[in-house]
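Results of the structural survey
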Amino acid sequence: MNMINILCTKLKMKTSRIYAMKNREIAAIFEEVAIYLQMQDEVIFKVRAYENAALALEGLAEDVEDIYKRGGIAALQEIPSIGRALAEKIEEYIKTNKMEFYDELRKKLPIDLKGLRNIEGMGPRKILVLYKKLRVKDVDDLKKSAEAGKIRSLAGFGEKSEANILKAIAIKEKSRGRMPLFEADPIVAEIVDVLSRAGAEQITAAGSYRRRKETIGDIDLLVVSNKPGKIMDAFTKMKSVIAVYAKGTTKSTVRLMYGLDADLRIVERSSFGAALNYFTGSKDHNVALRKISIFRGMKLNEYGLYKGKKQVAGENEEGLYKALGLRYIEPELRENSGEIEASKKNTLPNLIGYSDLAGDLQVQTSWTDGSSSIEDMARAASKIGLEYIAITDHTKSLAMTGGLDEKKLAKQGEEIDKISEKLGNIAILKGAEVNIMKDGTLDIASAALRKLDVVGAAVHSNFALSKDQMTRRLIRAIENPDVDVLFHPTGRIVGKREPYDIDIEQVVDAAKSSGTVLEIDSLERLDMKDEHIRLAVRRGVKLCIDSDAHSPSHFSALRFGLAQARRGWASKKDVINAWPLEKMQKMLK
DNA sequence: GCCGTTTTCGGCCCGACTGTTTTCAGTCG
């Protein structure tokens, strides 16, 4: 939340512009309350209730304020992990922007909980002791106390604890939070290489990396090896390791110089499936599976599924799900957001596969801000197995890219025909990424657009309109009979730019009624988000997954768009560029 | 404080590692 606050201040934006802002605010408060309660020796289950509620709010697609407006307290209680008491607290916060219960706790213990909790090893009990004995209120106090050698003499602490605190603070100062998946990819490859050289028999990256979440908080690796000592040594001595938090025979944790942690677990082959399942998560998904195990009179841990002392499953994930009476659930779906119920009822979607794309409907070239010629881009696309691409350079109002006008579009069309004929092995469609003006009109005349095969429309300016204005702007473009696809519908860029404020449901509904395709932009943007995709799929809106390539190497980003689509429960039937060219073209206006 | 394939009361996921201890509490995922 801090990051968002900073962002808001910097951009002088109203906080309401940030998507589902209230959800995160309230989640942050509940998280803090949980810590306060733990300090006060409140029963752990009450603590968990607040933690669970925070998680539920963070994972919520809909704005909690909208839910409240729609159905009041009763609607809030429909949210899992929110009961009467917490619903009332949420109501209070929506109405007054305050929560008395929380304010009281804070008055009693005026501590920067969030800051202190962010220091590795600092939990509620330690924070409380440090406050009571040394009046430590924030990270700055903590650092000073440690440097002055005051901590080592406290009961429960020692010299090592004191040194670790200083180390953890130093590391935190260099931390960077969550990392986009596409940045983590090469780092994971590097670690896998090291472990494989050290003699690991089997290596799999698990965690949010395997679930293909758009950002990851750390890297979880799972290894099968009969030389655990050697593997752990190789892992903790990697060049990129700047600190070792823990090193055991089955589990080690290190901090990497890239600003995130990596966890390594070594397991027996007979437990690999159970371990993979456990370390892939999500935590919520795991907890749900364990509850099912208990219900069926069994116990699930990272070593297997047990009936008494007998392992009934665990060597592979498929067997594990089967033994729990479930259909196999793909990692991208494991967020405990309905996948377990769907698995029970056998209604899981047949997810689009990572090699299912036949074409790419957004490609830029050196005609505008791309680096390469039409021919080079077409060759690169063909090389990775695509059967068709659409050339979609920017249009004239995007002056900084040298956007094309009607005349240049016509000229580019002639060039495309020539190259198409020359190459022969890939269909090159004529298209454009047409700029959506502030009022929702387009910057290219209808007559010129009708000569194109694919018209994508996109917002590139005036991001700070009100929710209402922006929604109307997009809907006007969507309903334009010349527009086939709405490119990167929410304008966000992972880790860089928040989405503009729109009513996504209205946008999706407009796409449905007008037969407009919504894009999943793969490169850096990952726009739409998984939850938006899921909404679109539910409403029967067609999607396309595009690279938004500006150079030949960018086509490799399609796998991230595909991952996003899978996380949004999309099947091949939902994604038009997974279809053969002729069938795809029938979907265009 | 939440929740119900079993339960409107009585449960609530499970285990590894560290540091400070001599058996465990605290933290983490």
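Residues numbered from 1 in each chain as written. Chains lettered and ligands numbered in written order. Predicted model: local features only at pLDDT ≥ 70, side-chain atom pairs only at ≥ 80, totals over all residues. Heavy atoms only, no water.

1. Some remarks on the sheet that holds strand 9 (residues 304–307)
Pairing in this open sheet of three strands is antiparallel, and the strands run 8-9-10 from one edge to the other. Of all the strands in the sheet, just strand 8 (299–301) and strand 10 (310–313) have a single pairing partner and so form its edges. Neighbour to neighbour, the strand axes of the sheet diverge by 40° on average, direction disregarded. As judged from the three bridges shared by strand 9 and strand 10, these two strands associate in the antiparallel manner. When the bridges of strand 10 are listed, K307 appears paired with K310. Of the strands in this sheet, strand 8 and strand 9 are in contact with helix 15 (residues 283–295), which crosses strand 8 at around 150°. (Pairing = 2+ DSSP bridges. Helix = DSSP H or I, 4+ residues; strand = E, 2+ residues; numbered from the N terminus. Axes fitted to C-alpha atoms, helices over the stretch in contact; angles between N-to-C directions. Contact = heavy atoms within 4.5 Å.)

2. Details of the domain arrangement of chain A
By domain assignment, chain A separates into domain 1 (3–108), domain 2 (113–174), domain 3 (179–266), domain 4 (272–345) and domain 5 (359–587). If you average the C-alpha positions of domain 1 and of domain 3, the two centres end up 34 Å apart. (Domains from an automatic or database assignment.)

3. Description of the protein's contact with DNA strand B
Among the 51 residues in the neighbourhood of DNA strand B, the closest are listed as S81, G158, Y278, R290 and F295. Atoms of DNA strand B within 4 Å of the protein belong to the sugar or the phosphate in 72% of instances, the rest to bases. One nitrogen or oxygen atom from the main chain of G121 is found 2.8 Å from a phosphate oxygen belonging to DNA strand B. Elements that contribute at least two residues to the surface near DNA strand B include exactly helix 3 (44–58), helix 5 (84–96), helix 8 (124–134), helix 10 (159–173), strand 5 (241–247), helix 15 and strand 8. (Near = heavy atom within 4 Å. Polar contact = N/O pair within 3.5 Å; in protein donor to acceptor, adjacent residues only side chain to side chain.)

4. Regarding empty space enclosed by the protein
Over the atoms, a rolled probe matching the size of one water molecule traces out where space is still vacant. Counted according to the given criterion, the structure contains one cavity of 30 Å³ or more. One number sums up the size of the largest cavity: a volume of about 40 Å³. Residue classes in the lining of the largest cavity are distributed as four nonpolar, three polar and one charged. (1 Å grid on protein atoms, 1.4 Å probe; cavity = no way out; pocket = protein on both sides within 12 Å on 5 of 7 lines; lining within 4 Å. Points joined across faces, edges and corners; volume = space filled by probe spheres on them. Nonpolar A, V, L, I, M, F, W, Y, C, P; charged D, E, K, R; others polar.)

5. Overview of the side chain of Q564
Position of Q564 among the secondary structure elements: in helix 24 (residues 558–567). On the accessibility criterion, Q564 (1% relative accessible area) is buried. With residues up to four places along the chain from it excluded, the contact list for Q564 reads E214, R492, I520, L526, M528, K529, D530 and I533. (Buried < 20%, exposed > 50% of the residue type's maximum accessible area, 1.4 Å probe, protein only.)

6. Looking at the pairing of strand 7 (residues 261–267)
Among the seven residues in strand 7, seven count as buried, and that is most of the element. Bridge analysis of strand 6 (residues 251–256) against strand 7 gives five bridges, and the strand direction is antiparallel. Within the sheet, the bridge partner assigned to K251 lies in strand 7 and is R265. Hairpin connection between strand 6 and strand 7: a loop of four residues separates the two successive antiparallel strands, and G259 in this loop has a positive phi of roughly 90°.

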